[in-house]
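# Reading the structure
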Amino acid sequence: MTVTTSTTSIEGEDIEKKVKRKSSGNLETIFRKELADQLSSSRFFILFFLIMVTGAVSFYAAMQSLPADEMGDSGFTLVRLFTTSANSLPPFTWFLSLLGPLVGLAMGFDAINGEQNRGTMSRLLSQPVYRDDVINGKFLARLVVLAIMTAALGGFVGGMGILMTGVAPSGEEILRLLLYLALSVVYMAFWLALSMLFSLLFRQAATSALGGIALWLFFSIFVPLLAGMVADAVFPANDSSQTASEFYNVVLRQNISRLSPSTLYSEASLTLLSPEVRTLGPVLVEQAYGAISGFLPLGQSLLLVWPHLTGLVAATLIIFAAAYTLFLRQEIRA
Amino acid sequence: MGHDGIISMVDLTKKYGDITAVDQLNLTVNSGEIFGFLGPNGAGKTTTILMLMGLTEPTSGSLQVGGFDPMRDALDVKRIVGYMPDNIGFYDDMTGRENLRYTARLNHIAGQEAEVKIQNLLEKVGLAEAADRRVKEYSRGMRQRLGIADVLLKDPKIIILDEPTLGLDPEGAEELLDIIRDLGQKEGKTILISSHLLYQIQSICDRVGIFVKGKLIAEGKIKDLAAQLSDGGQVIEIRAEPVEQLADAVMSVAGVNFAERHGDTVIVKGDGENLAPRIVTELTARHMAVYHLNVRGYNLDDIYRQYFQGEEVK
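Residues numbered from 1 in each chain as written. Chains lettered and ligands numbered in written order. Predicted model: local features only at pLDDT ≥ 70, side-chain atom pairs only at ≥ 80, totals over all residues. Heavy atoms only, no water.

### Quick notes on the overall build of chain A
What chain A contains, in helices and strands, is 14 helices and zero strands. The order of α-helices and β-strands along chain A, N terminus first, is α-α-α-α-α-α-α-α-α-α-α-α-α-α. Going through the 334 residues of chain A one by one, you find that 46% of them count as buried. When contacts within chain A are restricted to residue pairs at least 6 apart in sequence, those whose partners lie at least 24 apart make up 79%. Taken as a whole, chain A presents about 16000 Å² of accessible surface, with 68% of it coming from carbon and sulfur. (Helix = DSSP H or I, 4+ residues; strand = E, 2+ residues; numbered from the N terminus. Buried < 20%, exposed > 50% of the residue type's maximum accessible area, 1.4 Å probe, protein only. Contact = heavy atoms within 4.5 Å. Areas by Shrake-Rupley, 256 points an atom, 1.4 Å probe, with all protein chains shown as cover.)

Structure (structure tokens):
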């Protein structure tokens, strides 16, 4: 244990303080404890089970519905399985985009207020720890759990696909899959940051969970609806002779709905997993005329989703920064 | 006050909006003493403690804990101060020992050293047998004792305990107080203990400070406090029959300058020698039956009643 001894000069003291500031070392302690907590919690097992089962079922159904003759020859069989919907079952990507936010929300909604309500927060903060270490440790531990979960899910489902179709994936396919999984982690991290912010804003865990779910519904259901309504009001598109209006209607609708992270995620994951997607905006018939259908190289697909990825990462960081600032300034009452 | 105070506060003020939780507090706690913060709930005791720990920022004024400013060097303060919040919480799914282990790690006490220390502390607070049970199963008294062990783990110079006996049965409270008394007397720790249960902590405190509505209205050794608070007058409570005539009868005694009825008791304020015997003589002369008489103004009980229970004597 280091106790400040009287230093000879003010400079020496300053340097000592700076060194100490760096080597608080408690981020790791808190990170480890949170990680252990998460991994041993029954919540984690329920979520993991849920996401695994739905993923595997939808993937299996997609495999069954894929026409046998199409396997292998057209390429990208593995990644295509992720976006293929069976007769009645939506594709894997749909399930993950639905359950991903739920996983993120479930992990963070009581991250801070749970400790406050149990009275452990003031005890924790009366130990020599920086507040940054507490919130960073909590966030990072949950992020790692999300990453582990997603990697396990991707590996399991992907392995199942390879095994059952018997088609070996190309390097690009694997890369696309990994990018898609990374994107999913970022998307879940967005909801995790949001739910942690809510766990700071609301003292009751139930309130913060409800707040998170409300926002999730808002983004995934109401924003697209709202986008359509606004676009229809600004650029009426009921007359097919007015092509310009119709075109702008679609553009506006898309741009509004892109305010929602779920739209960003869906578009990006679709582009990453379906190399035949060449553009995300509306295309006029004249533009498509004469185009040879083919696959976009990975670099081009990435270029297409780069704004989406940046947007999602930025949104996550902004929300986490808000939670961080709030936590640093928060009054800690027992 | 000398300058050797290990904790000192100068004009410390904390406002929450319009409400002043702590008002111009000036206080020094000396090294090695057990100091009691006394006061009713909401008097500003916890707020003061949170400011000492650097968990809450003062609105104005300055303070110093063990040579550090809690606002600037919060971490240094937290290294030398062990704080037990009121309603202390532990991670319920972890055992007592695991909870302590986490605290040890946060204080950079590692490996074997930590294990030995934890075992010793658990024995000290009488939890050695329950150490590997989940905290979920602990009684309130056990939690509080685990809290003491938790606080002692970092070998603090200063110990701050916020309402440590709250919610304990008398026996549990007594056990806890014994542990605290030993810490102060045998190990020479500086202990700051806050409570609204005056009776329980009065016996272990060297000095106390009395908080009412954010202000420190008195501080000092318990035996000096009464003199500090009373203006030389005495307060006497009397129960006698018939109660209707009691106040008038008492008022006729020389030296009595106030008498008021509260239910079947009359509170009398006055001064002069032998006031109580003279009142009794007067009442007996009037053939009234005296059932109860208590002279207040000499011990902390009376101060407690006077300030905490809002009974208006003046």
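There is more to say after this.
### Observations concerning a negative patch on the surface
Residues B:D169, B:E171, B:E174 and B:E175 make up a contiguous surface patch of negative charge. By the secondary structure assignment, B:E171 is in helix α6 (residues 170–187). (Patch = residues over 30% accessible without salt bridge, like charges linked within 9 Å, V, L, I, M, F, W, Y side chains within 5 Å. Salt bridge = Lys/Arg side-chain N within 4 Å of Asp/Glu carboxyl O. Lys, Arg positive; Asp, Glu negative; His and termini not counted. Charge placed at Lys NZ, Arg CZ, Asp CG, Glu CD.)

### Description of helix α5 (residues 92–108) of chain A
Residues and elements named next belong to chain A. The end-to-end C-alpha separation of α5 is 24 Å, in line with the 24 Å expected for 17 residues at 1.5 Å each. L99 marks the point of greatest bend in α5, at about 30 degrees, and the proline P101 comes within the next four residues. By the criterion of burial, α5 is predominantly enclosed, with 14 of the 17 residues buried. (Expected span 1.5 Å × (residues − 1). Bend = angle between axes of the 7 residues up to and from the residue.)

### Description of the layout of surface pockets
The calculated volume of the second largest pocket comes to roughly 530 Å³. Lining the second largest pocket are 19 residues, with A:D37, A:Q38, A:S41, A:R118 and B:D93 positioned closest to its centre. For the lining of the second largest pocket, the secondary-structure elements that each account for two or more residues are α2 (26–40), α3 (42–65), α6 (113–118) and α8 (131–165) of chain A. The greatest single-element share of the lining of the second largest pocket, amounting to five residues, is contributed by α2(A). Looking at the lining of the second largest pocket residue by residue, the classes come out as three nonpolar, five polar and eleven charged. (1 Å grid on protein atoms, 1.4 Å probe; cavity = no way out; pocket = protein on both sides within 12 Å on 5 of 7 lines; lining within 4 Å. Points joined across faces, edges and corners; volume = space filled by probe spheres on them. Nonpolar A, V, L, I, M, F, W, Y, C, P; charged D, E, K, R; others polar.)

### Side note on the interface of chain A and chain B
At the junction of the two partners, chain A supplies 29 residues and chain B supplies 33 residues. For the pair chain A and chain B, the summed buried area comes to about 3000 Å², and 53% of that belongs to carbon and sulfur atoms. The interface formed by chain A and chain B includes one salt bridge. For the salt bridge of A:R123 with B:D150, the shortest nitrogen-to-oxygen distance reads 3.0 Å. Applying the counting rule to chain A against chain B returns eleven residue pairs in polar contact (both at pLDDT 80 or more). Within the residue set of the side of chain A that touches chain B, elements represented by two or more residues are α1 (10–22), α2, α6 and α7 (120–125) of chain A. Counting residues per element, the side of chain A that touches chain B draws most heavily on α7(A), at five residues. Taken together, the residues of the side of chain A that touches chain B sort by class into nine nonpolar, eleven polar and nine charged. (Buried area = accessible area lost by both parts, 1.4 Å probe. Polar contact = N/O pair within 3.5 Å; in protein donor to acceptor, adjacent residues only side chain to side chain.)

### Some thoughts on the packing of helix α9 (residues 171–201) of chain A against helix α12 (residues 261–273) of chain A
All names here are of chain A. Taken N-terminus to C-terminus, the directions of α9 and α12 make an angle of 175 degrees; their axes are 9 Å apart at the nearest point. One finds that α9 runs roughly antiparallel with respect to α12. Contacts from R176, L179, Y180, L183, S184, Y187, F190 and W191 of α9 reach α12 at P261, S262, Y265, A268, S269, T271, L272 and L273. Residue classes in the contact of α9 with α12 are distributed as eleven nonpolar, four polar and one charged. (Axes fitted to C-alpha atoms, helices over the stretch in contact; angles between N-to-C directions. Parallel < 35°, antiparallel > 145°, perpendicular 65-115°, else oblique.)

### Overview of unusual backbone geometry
Residue and element names in this part refer to chain B. Look at the link from E241 to P242: it is a cis peptide, with omega at -10 degrees. With respect to the helices and strands, the residue P242 is situated in the loop between β10 (234–241) and α9 (246–251). At H108, a residue that is not glycine, the phi angle is positive and equals roughly 60 degrees. Looking at the secondary structure, you find H108 in the loop between α3 (96–106) and α4 (111–124). Here H287, not a glycine, exhibits a phi torsion of approximately 60 degrees, which is positive. Position of H287 among the secondary structure elements: in the loop between α10 (275–285) and β13 (289–296). Here H287 falls in the exposed class, since its relative accessible area comes to 73%.

### Examining the confidence of the model for chain A
Note that predicted coordinates carrying low pLDDT should not be read in detail. Residues and elements named next belong to chain A. Of the residues in chain A, 89% reach a pLDDT of 70 or more, and the chain-wide mean stands at 84. Element-level mean pLDDT values for chain A span from 50 in α1 up to 93 in α9. When the criterion is pLDDT under 50, residues 1–11 qualifies, and its contacts beyond four places in sequence or with other chains add up to eleven contacts. (pLDDT = per-residue confidence, 0-100.)

### Let's talk about helix α5 (residues 140–152) of chain B
With 13 residues, α5(B) ought to run about 18 Å at 1.5 Å a step, and its terminal C-alpha atoms sit 19 Å apart, in line with that. Of the positions making up α5(B), those classed as buried are B:G141, B:M142, B:R143, B:Q144, B:R145, B:L146, B:G147, B:I148, B:A149, B:D150, B:V151 and B:L152. Those residues of α5(B) hidden inside the fold are in contact with α7 of chain A together with β5 (81–84), α3, α4, β6 (158–162) and α6 of chain B.

### With respect to the packing of α9(A) against helix α10 (residues 205–234) of chain A
All names here are of chain A. One can describe the packing of α9 onto α10 by two numbers: an axis separation of 8 Å at closest approach and a directional angle of 140 degrees. In terms of axis orientation, α9 runs oblique to α10. As for how α9 packs across α10, the hand of that crossing is right-handed. For the pair formed by α9 and α10, the contact residues are W191, L194, F198 and S199 on the first element and S208, G211, G212, L215, W216 and F219 on the second. Looking at the contact of α9 with α10 residue by residue, the classes come out as six nonpolar, four polar and no charged. (Left-handed = near helix turned anticlockwise from the far one by under 90°.)

### Topic: the packing of aromatic side chains
Summed over all chains, the structure comprises 20 aromatic pairs over all chains. With 5.9 Å between their ring centres and 70 degrees between their planes, A:F247 and A:Y248 make a pair best called edge-to-face. Judged by its relative accessible area of 28%, A:F247 falls in the partly exposed class. Taken together, the aromatic side chains of A:Y187, A:F190, A:W191, A:F218, A:F219 and A:Y265 make up a single cluster linked through ring pairs. A:K33 extends its terminal NZ or CZ atom over the ring of B:Y91, reaching a point 3.3 Å from the ring centre. Positioned above the aromatic ring of B:Y16, the side-chain terminus of B:K14 is 5.1 Å from the ring centre. (Phe/Tyr/Trp six-rings, centres within 6.5 Å; stacked < 30°, edge-to-face > 60°. Lys NZ or Arg CZ within 6 Å of the ring centre and 35° of its normal.)

### A look at the side chain of A:K138
All names here are of chain A. Relative to the helices and strands, K138 is located in helix α8. Side-chain polar atoms of K138 contact the backbone oxygen of A111, separated by 3.1 Å. Apart from the residues within four sequence positions on either side, K138 is in contact with E34, A111, I112, E115 and M196.

### A look at the pattern of salt bridges
Using the criterion set out here, one finds 26 salt bridges over all chains in the structure. Among the ionic pairs, A:R253 bridges to A:D232, the shortest N-O distance being 3.4 Å. Here A:D232 lies in helix α10 and A:R253 lies in helix α11 (residues 243–257), a separation of 21 residues in the sequence. Of the residues examined, A:R253 reaches a relative accessible area of 35% and is grouped as partly exposed. A salt bridge links B:D93 to B:R134; its shortest N-O distance comes to 3.8 Å. Of this pair, B:D93 sits in the loop between β5 and α3 while B:R134 is found in the loop between α4 and α5, placing the two residues 41 residues apart along the sequence. For B:R134, a relative accessible area of 39% gives the class partly exposed.

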